[in-house]
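Residue-level structure breakdown
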Amino acid sequence: MIRVVAGATVCFNFVLPVAAQQNYPTRVVRLIVPFPAGGVADVLGRMTAQRLTTQYGQQMVVENRGGSGGHVGAEFAARATPDGYTLMFGTIGIHAAFGIYSKLSYDPAKDLQPVILLAEMPNILVVHPSVPVRNTREFIALAKARPGELNFGTAGAGSSTHMIAELFNVVAGTKLQHVPYKGSAPAMADLLGGQIHLMFENLPVAIQHVRSGRIRAVGMTSRARSASMPEVPTIAETGLPAYEATAWFTIGAAAKVPADIVRKLNGDIDAWLKSADMQGKWREMGVTPLGGTPDVASKFFASEIVKWNGVIKAANIRAD
């Protein structure tokens, strides 16, 4: 009898976590967006949180924790209790360009795991109207005539807005000067005000300002033109054929979050990304939904680390 009771207790204790995972979530979930409000990460993060709140009947709240190019918020998520109730919105800077820091107090590659590749989008090279250029060739000529004089704002060191600009410097042979901000929103505010000359901004943030005439579009960073702004040529087709880059975003979690919870989140978010009712919204925003399994995301991270480490080395970028 004692053996039977003991065995039943062991089985019961084993079943409890599994049942909890199947019922997930049963309380509030935090989604850490490691940038200030107002940028693309914040917008996409809030869209994701709203969708899952509706689907699960449990509140998913967005918590903005900016700093160190996103690593303040990412480390917080990595060190959170690995129960699936703290998720993280990830970017190039967190998952692929962390090599610009030599002394991070956590390891993004080991301490975080992907839930899903969320989306990608082109960045767009935009300039203040006072900068006298209208295409890539004119921009390169001006930058080379004024080396070190043109400055570009970014969402922070290692962000897509930073790395995509540094790739431009490497490929074009220019010396644009980096001005890091604590997010895209304050950088864009200074571009609109003429305090900085240009940005390689995420397309959804820049669209409204280009269309209003407050800033001028020079070129898209992607290989193909964007369906959201087909009138804007790519940088590759107007002066720099070897250049191509896009920004991408993910949902992630601490490395030890159970696989069942990760699979549940992955499947539900993947279905939302590919749902027919969302395709028009993605096109309007200039966003391409990605999706796929966590394993697909892990392999993608590995290839992107190689790519951006090459840029970090070539441009000698350090953020310490």
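As shown above, the structure is provided for reference.
These numbers come from a predicted model, not from an experiment. (Residues numbered from 1 in each chain as written. Predicted model: local features only at pLDDT ≥ 70, side-chain atom pairs only at ≥ 80, totals over all residues. Heavy atoms only, no water.)

Here the focus is helix α6 (residues 136-145). Turning to α6, its buried residues number three or more, namely Thr136, Phe139, Ile140, Leu142 and Ala143. Along the long axis of α6, the arc covered by the buried residues comes to 165°, so they all point the same way. α6 presents Arg137 and Ala145 as exposed residues on the side facing more than 90 degrees away from its buried surface. Close packing links the buried residues of α6 with β4 (112-127), α7 (160-172), β7 (198-202) and β8 (216-220). The residue sitting at the N-terminus of α6 and contributing the capping side-chain oxygen is Asn135; that oxygen lies 3.1 Å from the backbone nitrogen of Arg137. (Buried < 20%, exposed > 50% of the residue type's maximum accessible area, 1.4 Å probe, protein only. Helix = DSSP H or I, 4+ residues; strand = E, 2+ residues; numbered from the N terminus. Arc of directions from axis to C-beta. Contact = heavy atoms within 4.5 Å. Polar contact = N/O pair within 3.5 Å; in protein donor to acceptor, adjacent residues only side chain to side chain.)

Among the secondary structure elements, Asp268 is positioned in helix α10 (residues 259-273). On the basis of relative accessibility, which here comes to 17%, the residue Asp268 falls in the buried class. Asp268 has contacts with Leu52, Gln55 and Tyr56, leaving out every residue within four places of it along the chain.

On to the pairing of strand β2 (residues 60-64), then. Judged from the five bridges that link them, strand β1 (residues 29-33) and β2 form a sheet pairing that is parallel. Among the inter-strand pairings, Val29 is bridged to a residue of β2, identified as Met60. Regarding the hand of the β-α-β motif, the stretch spanning β1, helix α2 (residues 40-56) and β2 is right-handed. (Pairing = 2+ DSSP bridges. Right-handed = clockwise from strand over helix to strand, strands pointing away.)

A separate point is helix α8 (residues 184-193). For α8, the full list of buried residues reads Ser184, Ala187, Met188, Leu191 and Leu192. Each buried residue of α8 sits inside an arc of 140° when the element is viewed along its axis, so together they form one side. At its buried positions, α8 is contacted by β4, β5 (151-154), α7, β7 and α9 (203-212).

The next thing to look at is the pattern of salt bridges. Following the criterion strictly, the structure yields twelve salt bridges and no others. Taking the shortest distance from any N to any O, the salt bridge between Glu75 and Arg79 comes out at 2.9 Å. Placement of both Glu75 and Arg79 in helix α3 (residues 71-79) is noted, with a separation of four residues, approximately one turn of the helix. Look at Glu75 and you get partly exposed, because its relative accessible area is 21%. The closest approach of N and O atoms between Lys274 and Asp270, which form a salt bridge, is 3.2 Å. (Salt bridge = Lys/Arg side-chain N within 4 Å of Asp/Glu carboxyl O.)

What follows covers the packing of α2 against α10. Contact pair α2 / α10: the axes reach a minimum separation of 11 Å and the direction vectors enclose 110°. With respect to α10, the axis of α2 lies roughly perpendicular. Contact residues: α2 offers Met47, Thr48, Arg51, Leu52, Gln55 and Tyr56, while α10 offers Lys264, Leu265, Asp268, Ile269 and Trp272. Looking at the contact of α2 with α10 residue by residue, the classes come out as six nonpolar, two polar and three charged. (Axes fitted to C-alpha atoms, helices over the stretch in contact; angles between N-to-C directions. Parallel < 35°, antiparallel > 145°, perpendicular 65-115°, else oblique. Nonpolar A, V, L, I, M, F, W, Y, C, P; charged D, E, K, R; others polar.)

Moving on, we get to the packing of aromatic side chains. Under the definition given, this model contains nine aromatic pairs. Taking 5.7 Å as the distance between ring centres and 65° as the angle between the ring planes, the aromatic pair formed by Phe139 and Phe168 counts as edge-to-face. Of this pair, Phe139 sits in helix α6 while Phe168 sits in helix α7, and the two are 29 residues apart along the sequence. For Phe139, a relative accessible area of 0% puts it in the buried group. Of the residues examined, Phe168 reaches a relative accessible area of 0% and is grouped as buried. Where Trp248 meets Phe300, the ring centres are 5.1 Å apart and the plane angle is 75°; that geometry is what we call edge-to-face. Within this pair, whereas Trp248 is found in strand β9 (residues 246-254), its partner Phe300 is found in helix α12 (residues 294-315), the two being separated by 52 residues in sequence. Every member of this aromatic cluster is reached through a ring pair, and the members are Phe139, Phe168, Phe200 and Tyr243. The ring of Phe76 carries Arg65 above its face, with NZ or CZ at 3.7 Å from the centroid. (Phe/Tyr/Trp six-rings, centres within 6.5 Å; stacked < 30°, edge-to-face > 60°. Lys NZ or Arg CZ within 6 Å of the ring centre and 35° of its normal.)

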